[in-house]
Amino acid sequence: MYGDPETVRKILTELGDTWAVVGLSSNRLRAAHGVAEVLQRYGKRIVPVHPKAETVHGEKGYASLADIPFEVDVVDAFVRSDLAGAVADEAVAIGAKAVWFQLGVVDEAAYGRARAAGLAMVMDKCPAIEIPRLGPTDRA
């Protein structure tokens, strides 16, 4: 319901290749670390967003979405559901084209706000699972 195949495909193939990954740190044990690596393998530029602003996978990190000095296409949120709404609102504020809430992250009100603002949105899915499912003609 919150990630129909067409929206998933559109975010992964049409809306741009710069992905801010909120919650990404240098901790290799966290899911965000592996997912960001998969996104890079598929040609996405990842931008780590974490209070520590660490460099991860060779990309400079930022403490918040607002600190990123260039355009971001997709905001991928690795945060608890109770924190996800604020991430969606920040994505709208910075002019992102889409928001992606990871597996287990659901906030229906945030989904409604992001969609009302014109952003594509997926919740409770993982791009590292979805991107390999695309056909070869869908991949850049």
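Heads up: the structure comes first, above all this text.
Heads up: these notes are all about the structure in this document. The model shown is predicted, which means the values in this text are computed figures rather than measured ones. Within each chain, residues carry numbers counting from 1 in the order of the written sequence. It should be noted that, the model being predicted, local features are given only for residues of pLDDT at least 70 and side-chain atom pairs only at 80 or more, the latter also being counted only at that level, while totals for whole chains, interfaces and linings use all residues. Note that water and hydrogens are dropped before the side-chain values are worked out from all heavy atoms of the structure.

### Observations concerning the overall build of the chain
Argument step 1. A tally of helices and strands in the chain yields five helices and five strands.
Argument step 2. Going along the chain from the N terminus, every DSSP run of H or I of four or more residues is numbered as a helix, and every run of E of two or more is numbered as a strand. Listing every helix and strand of the chain by position from the N terminus yields α-β-α-β-β-α-β-α-β-α.
Argument step 3. Dimensions along the principal axes, computed over C-alpha positions, put the chain at roughly 35 × 35 × 25 Å.
Argument step 4. The buried label applies to any residue whose accessible area, calculated with a 1.4 Å probe on protein chains only, is under 20% of its type's maximum; exposed applies above 50%, and partly exposed to all values in between. Counting all 140 residues of the chain, 49% fall into the buried class.
Argument step 5. Long-range contacts, defined as pairs at least 24 residues apart, comprise 57% of the intrachain contacts of the chain with a sequence gap of at least 6.
Argument step 6. Summed over its atoms, the accessible surface of the chain is roughly 6900 Å², and 50% of this surface lies on carbon and sulfur atoms.
Argument step 7. Positive residues here are Lys and Arg, negative ones are Asp and Glu, while His and the chain termini are left out of the count. Charge placement uses NZ in Lys and CZ in Arg. For Asp and Glu, CG and CD serve respectively. Computing the positive centroid from 16 side-chain charges and the negative centroid from 19, the chain places the two 4 Å apart. Residues are treated as being in contact if the distance between any of their heavy atoms lies within 4.5 Å. All accessibility values rest on the Shrake-Rupley procedure with a 1.4 Å probe; residue burial counts only the protein chains present in the view.

### Quick word on the environment of Leu 39
Argument step 1. Inspection of the secondary structure puts Leu 39 in helix H2 (residues 31–41).
Argument step 2. Remark: the alpha-carbon pair of Leu 39 and Thr 7, spanning 32 residues in sequence, is separated by 17 Å.
Argument step 3. Other than its neighbours up to four places away in sequence, Leu 39 contacts Trp 19, Lys 44, Ile 46, Asp 76 and Pro 127.

### Overview of the nonpolar core
Argument step 1. Remark: nonpolar core denotes a set of buried residues (Ala, Val, Leu, Ile, Met, Phe, Trp, Tyr, Cys) joined through side-chain atoms within 4.5 Å. Core analysis: the largest hydrophobic core is formed by 26 residues, its most contacted members being Ala 20, Leu 65, Ile 68, Val 75 and Phe 101.
Argument step 2. Contributions of two or more residues to this core are made by strand S1 (18–22), strand S2 (45–49), strand S3 (74–77), helix H3 (81–94), strand S4 (98–101) and helix H4 (108–116).
Argument step 3. Setting aside residues no more than four positions away along its own chain, Ile 68 makes contact with Ala 20, Val 47, Val 49 and Tyr 62.
Argument step 4. Formed by 24 residues, the second largest nonpolar core is a distinct cluster that contains Val 8, Val 21, Leu 39 and Phe 78.

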